[in-house]
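Each chain is listed here by its residues.
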Amino acid sequence: MGARQRAIKRTLLRALGHPVRCELCGETLFRAVPVVARGRVKLIGAECALVRVDFDSMNHLSFRHVQADRCSSQRVVA
Ligand SMILES: [Zn+2]
């Protein structure tokens, strides 16, 4: 993908993407557009996010920060 295509994608994600927030701290992890194709759900916009994903139930995914130091709910105040 070229620089121009990446810029167009960023603009579209800003306009159409849904913010996906950390379940623990509420901070936005990334903005994504979900696309369902065949047996897969793809989150366009989540390609570079470093997040943990878990199934809470058959139809409920939860997202969290992977790195504890990036998550304000896990930050220890000394
Ligand atoms: Zn967090």
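Note: the structure precedes this text.
Cut-offs applied
Residues numbered from 1 in each chain as written. Predicted model: local features only at pLDDT ≥ 70, side-chain atom pairs only at ≥ 80, totals over all residues. Heavy atoms only, no water. Pairing = 2+ DSSP bridges. Helix = DSSP H or I, 4+ residues; strand = E, 2+ residues; numbered from the N terminus. Polar contact = N/O pair within 3.5 Å; in protein donor to acceptor, adjacent residues only side chain to side chain.

Student: I'd like to hear about the pairing of strand β4 (residues 51-57), residue by residue, with values.
Tutor: Across 6 bridges, the pairing between β4 and strand β5 (residues 60-65) is antiparallel. For aspartate 54, the partnering residue across the bridge sits in β5 and is serine 62. The antiparallel hairpin formed by β4 and β5 contains 2 residues in its connecting segment.

Student: Quick one: what's the story with the environment of glutamate 47, residue by residue and with numbers?
Tutor: Locating glutamate 47 in the fold gives a position in the loop between β3 (40-44) and β4. A distance of 3.1 Å separates polar atoms of two side chains, one belonging to glutamate 47 and the other to lysine 9. Polar contacts involving the side chain of glutamate 47 include one to the main-chain amide nitrogen of glycine 45, which spans 2.9 Å.

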